[in-house]
Each structure stands twice: as structure tokens, then as C-alpha cells.
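Observations on the model geometry
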Amino acid sequence: MGGSAISGDLARNLLFGSCEVPLSVTRHNALPAYMGPEDLVILLSYSGNTAETLGCLKDALARQIPCVLVTSGGQFRALVDEHQIPVVPVEPGWMPRAALGELYFALLGLLSQLPGAGWIAPAAAVKQLLAERETYVPQVPQSENPAKQLAAKLFKKTPILFGVHPTTEAVAMRWKTQINENSKVTALHGIFPELTHNEIVNLAHAKHPHHVMVILRDPEDPALFQRQLGFARDIMRPSVDDVVELMAQGPDRLARQLSLVYLGDYVSVYLALLAGVDPTPVTAIFGLKDRMAAAELQEVR
Ligand code: F6R
């Protein structure tokens, strides 16, 4: 779920064109009916306490589907030890969404064993992000800082994040959820080319004066989508306050995907700071989890 599951979506997008094994992401408390002992479940939960993920773990054990757990600790530990489930430990102490690097690289390490996924190597992505960090950090003034500039443009607006399938689909979801959790702001997201068959209608139909469209693009997007995206943007542009297009930068697919994720993470934090909001706490999420745990205890009694 949430800041842990997004790594699964990023991986699914990254490997869409090369991996010879089907990959799917489940956000539920049970696994799909089609899964069986010949499959592998990779459970991602930074805290190791998430109810839905625990449900999938129990389902996998009941149906004898092999599992691997990527986590920093938590309550699954007893079950995991009892059933000798392999664990990929990640560094504790972060908010789950801030541990994306830990979770995603651990997941990619596992997936790189699959046929068609052996090309994954982190070096170029790390180099790319280190270079970008130079211009995103708080010490760099807004006039030279693209993350601060974009945050200023989105301040007091409703961002609509548009990704392209499969290159920037999960990236758009990450931007949306980081803006929800860090900035505490409502954001929408949609995916090309699907949105040209539905969402384009309402966006073009009425004025959305407080909405800014942010289109996340990749140089590898097929020519058909690029043309379609250009026409769709022109049809929707008159209805919204502004349109921003961002092109992923970097020498390989992983670097480009993470370059956009990285910019979005910074933008979401600067948006919070502009509003005088602390980006770290997610009180509603933890409050809900506490209520669920208390209700479960009541049921047991
Ligand atoms: C908190 C966050 C949440 C959690 C989600 C699942 O920073 O991003 O979306 O990721 O509630 O919890 P974990 O990741 O611990 O399984």
C-alpha cells in the first residue's frame, strides 16, 4: 500500500517492454485467484505492520505461494520467522514514502534476476540524481531552482498530474501521492493515452481556473502518443490556469524515471513549506491505522 506499493508500480512500468515474466501489483488484503505455488509474492511494507500486506502474507501462506518480504521491521516478524520466509531488510527510521530509494532498489535487486530484467543497473540513476540535487536543494535560490519555481506555480492551485503509459504512469501517481501526503493538498492524476478517451471531455468542457496541468513525459514515448498528447493538451489548455510539461532527463530508463520522481518529491516538500505546513506527519493515516487496530482488538475480546 501507499509509499511502499509505488515501488511495485515503478518496477512494472520500467520492465513493461523487456521483462518476460508477468508482473502485477496488488493493493488488497488477499492475492488474486490466479496465483499459485508456481508464482512469487514480493511483499513490500516499509513498516512491516500494514494490515493489507499482512492479509496477503497470510493468503500466500495458506495457498503455499512462495514469498519474499522487503521491510524495515514490524509485527510480521513472528510469522515470517515461523515460516522461514526470506527477508530483504531495509534501513529503519524513515517515513515509508521517504524510503523509496531503499524499497525500490531492494525490489529491483530481486527483479533483476528475471529474464529480460538483467539490464537494470543503478549507477547512471544515482549519478543523475546527485547532479540534479545540486539545483534542487534549499540553499539554491528560487531564480535558479526548478523545484522551487514549480512549487511556486502550483501554490494554492490543484495540480493535475498526467503521466504516459508505461513510461511515466507510476511517476504521475507518485507526484500525486507525495503532494497529498507531504503538501497536504488535493491533486488529481490521469494517464495518456487512456485520458484521451474520457477525462479530456470534462477538462475541455468547463473552466478549471484553479487547476494546473503537469504533463510528465519521456523521450521514449511512442510517436503516436506524442502527437496525441500534443493535440489533447491543446484541446484542454484553454480550460485550465496553466500547463507545465516536464521531460525526463537521463542516460537510461531508470535514471529518467527517477529524475522525474526526484523533482516531484522536492516540489511536494517546497509546496508544504510555502503553505507553512510540516511535510513529515501524516496524522490521518496513522489515526486511521490506530482505529483499525483498536477495532480489531475489540473484536478479538
Ligand atoms: C507514509 C506513507 C503511507 C504508507 C502506507 C503503507 O509515509 O507513505 O502511504 O506507505 O500507509 O505503510 P507501509 O509502507 O509501512 O506498509
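Residue indices begin from 1 for each chain and proceed along its sequence in written order. Local features are withheld for residues below a pLDDT of 70 in this predicted model, meaning they are given only at 70 or higher, and side-chain atom pairs are given and counted only at 80 or more; totals for whole chains, interfaces and linings count all residues. Hydrogens and waters are ignored; side-chain quantities use all the structure's heavy atoms.

1. What about the overall build of the protein?
Where we set the bar: Numbered from the N terminus, helices here are DSSP runs of H or I no shorter than four residues, and strands are runs of E no shorter than two. Atoms counted for the radius of gyration: C-alpha only. Globule rule: 2.2 Å times the number of residues to the power 0.38. Any pair of residues with heavy atoms lying within 4.5 Å of one another is described as a contacting pair. Exposure was quantified through the Shrake-Rupley algorithm and a 1.4 Å probe, taking into account, for residues, occlusion by the shown protein chains and nothing else. Under the convention used here, Asp and Glu are negative, Lys and Arg are positive, and both His and the chain ends fall outside the count. A single reference atom marks each charge: NZ on Lys, CZ on Arg, CG on Asp, CD on Glu.
Secondary structure assignment for the protein yields eleven helices and seven strands. Taken against the 2.2 N^0.38 rule, which gives 19 Å for 301 residues, the C-alpha radius of gyration of the protein at 20 Å falls within 12% of a compact globule. Based on the C-alpha atoms only, the size of the protein along its principal axes is roughly 60 × 45 × 40 Å. Counted over contacts in the protein with a minimum sequence separation of 6, partners at least 24 positions apart contribute 74%. About 15,100 Å² of surface is accessible on the protein, with carbon and sulfur atoms providing 58% of the total. A gap of 6 Å separates the mean positions of the 25 positive and 30 negative side-chain charges of the protein.

2. Considerations on the nonpolar core
Selection criterion: Throughout this description, the term nonpolar core refers to a set of buried Ala, Val, Leu, Ile, Met, Phe, Trp, Tyr and Cys residues connected via side-chain atoms within 4.5 Å. Note on exposure labels: buried denotes an accessible area under 20% of the residue type's maximum, exposed denotes more than 50%, and partly exposed covers the range between, all computed with a 1.4 Å probe on protein chains only.
Counting 54 residues, the largest nonpolar core has Tyr 104, Trp 175 and Leu 246 as the members making the most contacts within it. When contributions to this core are tallied by element, the ones reaching two or more residues are helix H1 (2–14), helix H4 (100–111), helix H5 (123–136), helix H6 (146–154), helix H7 (169–183), strand S6 (208–217), strand S7 (240–247) and helix H10 (253–274). Sort the elements by how many residues they give to this core and H10 lands first, with eleven residues. For Tyr 104, the residues in contact, after removing those within four places along its chain, are Ser 7, Leu 10, Ala 11, Leu 14, Leu 254, Gln 257 and Leu 258. If you look at the next biggest cluster of nonpolar residues, it comprises 15 residues, including Leu 195, Leu 203, Phe 225 and Met 236.

3. What to know about the sheet that holds strand S1 (residues 41–44)
The test is simple: Any two strands between which DSSP finds at least two bridges are classified as paired. Angular values range over 0 to 180 degrees, each being the angle between N-to-C directions of two axes fitted as lines to C-alpha atoms, with helices fitted over their stretch in contact.
Strand order in the open sheet made by the three strands is S1-S2-S3, with parallel pairing throughout. Edge positions in the open sheet fall to S1 and strand S3 (87–89), since each of these has one partner strand only. Taken over all neighbouring pairs, the strand axes of this sheet differ in orientation by 15° on average, direction set aside. As paired elements, S1 and strand S2 (residues 67–71) share four bridges and run parallel to each other. Bridge pairing in S2 links Ile 42 to Val 68. Of the strands in this sheet, S1, S2 and S3 are in contact with H4, which crosses S1 at around 170°.

4. Focus: the site of the ligand
Defined as follows: Throughout this document, a residue counts as near a molecule or strand when at least one of its heavy atoms sits within 4 Å of that molecule or strand. In protein, a polar contact means a hydrogen-donor-capable atom and an acceptor-capable atom, both N or O and within 3.5 Å, with residues adjacent in sequence counting only if both atoms are side-chain atoms; elsewhere, any N or O pair within 3.5 Å suffices.
Around the ligand, 14 residues are found, and the nearest of them are Ser 4, Ser 45, Ser 47, Thr 50 and Arg 97. Contact between the ligand and Ser 45: an oxygen atom at 2.6 Å from a side-chain N or O atom of the residue. Interatomic distance of 2.9 Å between a side-chain N/O atom of Glu 181 and an oxygen atom of the ligand. Bound to the protein, the ligand loses 95% of the 400 Å² it would expose on its own.

5. Observations concerning the pattern of salt bridges
Where we set the bar: Salt bridges are defined as contacts in which a side-chain nitrogen from Lys or Arg sits within 4 Å of a carboxyl oxygen from Asp or Glu.
Tallying each qualifying case throughout the model produces 13 salt bridges. Taking the shortest distance from any N to any O, the salt bridge between Asp 218 and Arg 256 comes out at 3.0 Å. In this pair, Asp 218 is assigned in the loop between S6 and helix H9 (223–236) and Arg 256 in helix H10, connecting sequence segments 38 residues apart. For Arg 256, a relative accessible area of 8% corresponds to the buried category. Here Glu 220 makes a salt bridge to Arg 253, at a shortest N to O gap of 3.2 Å.

6. Some points on the packing of H1 against H7
Helix-helix packing is characterised by the crossing angle of the two axes and by the distance between the axes. We count it as follows: Just so you know how the angles are binned, under 35 degrees is roughly parallel, over 145 roughly antiparallel, 65 to 115 roughly perpendicular, and the rest oblique. Ten residue types, Ala, Val, Leu, Ile, Met, Phe, Trp, Tyr, Cys and Pro, are classed as nonpolar, four, Asp, Glu, Lys and Arg, as charged, and the remainder, Gly among them, as polar.
For the pair H1 and H7, the least separation of the axes is 8 Å and the interaxial angle reads 155°. Here H1 is positioned roughly antiparallel relative to H7, judged by the angle of their axes. Contacts between H1 and H7 involve Ile 6, Asp 9, Leu 10, Arg 12 and Asn 13 on the former and, on the latter, Glu 169, Ala 170, Val 171, Met 173 and Arg 174. Split by residue class, the contact of H1 with H7 holds five nonpolar, one polar and four charged.

7. Observations regarding H7
Put simply, the test is: The span you would expect from a helix comes to 1.5 Å times its residue count less one.
The terminal C-alpha atoms of H7, which comprises 15 residues, lie 21 Å apart, in line with the 21 Å expected from a rise of 1.5 Å per residue. The buried fraction of H7 is high, at eleven of 15 residues. By the burial criterion, the buried members of H7 are Glu 169, Ala 170, Val 171, Ala 172, Arg 174, Trp 175, Gln 178, Ile 179, Glu 181, Asn 182 and Ser 183. Phi turns positive one or two residues past the end of H7, at Lys 184, with a value near 60°.

8. Focus: the packing of H4 against H10
Let me state the cut-off plainly: Helix crossings fall into two classes, left-handed where the near helix is turned counterclockwise from the far one by less than a right angle and right-handed where it is turned clockwise.
Where H4 contacts H10, the two axes come as close as 13 Å, and the packing angle between them is 160°. As judged from the angle between their axes, H4 and H10 are roughly antiparallel. Between H4 and H10 the crossing geometry is right-handed. Packed against H4, whose contacting residues are Leu 100, Tyr 104, Phe 105 and Leu 108, the element H10 presents Leu 254, Gln 257, Leu 258 and Val 261 at the interface. By residue class, the composition of the contact of H4 with H10 is seven nonpolar, one polar and no charged.

9. Side note on the packing of aromatic side chains
The cut-off we apply is this: Ring pairs shown here join Phe, Tyr and Trp side chains whose ring centres sit within 6.5 Å, with only the six-membered ring taken for Trp; geometry is labelled stacked below 30 degrees between planes, edge-to-face above 60, and tilted in between.
Under the counting rule described, the total for this entry stands at six aromatic pairs. Consider the rings of Tyr 136 and Tyr 262, whose centres lie 6.1 Å apart with planes at 50°: the pair is tilted. Here Tyr 136, found in helix H5, pairs with Tyr 262, found in helix H10; they are 126 residues apart in sequence, far enough to count as distant. Site record: aromatic cluster; members linked through ring pairs are Tyr 136, Tyr 262, Tyr 266 and Tyr 270.

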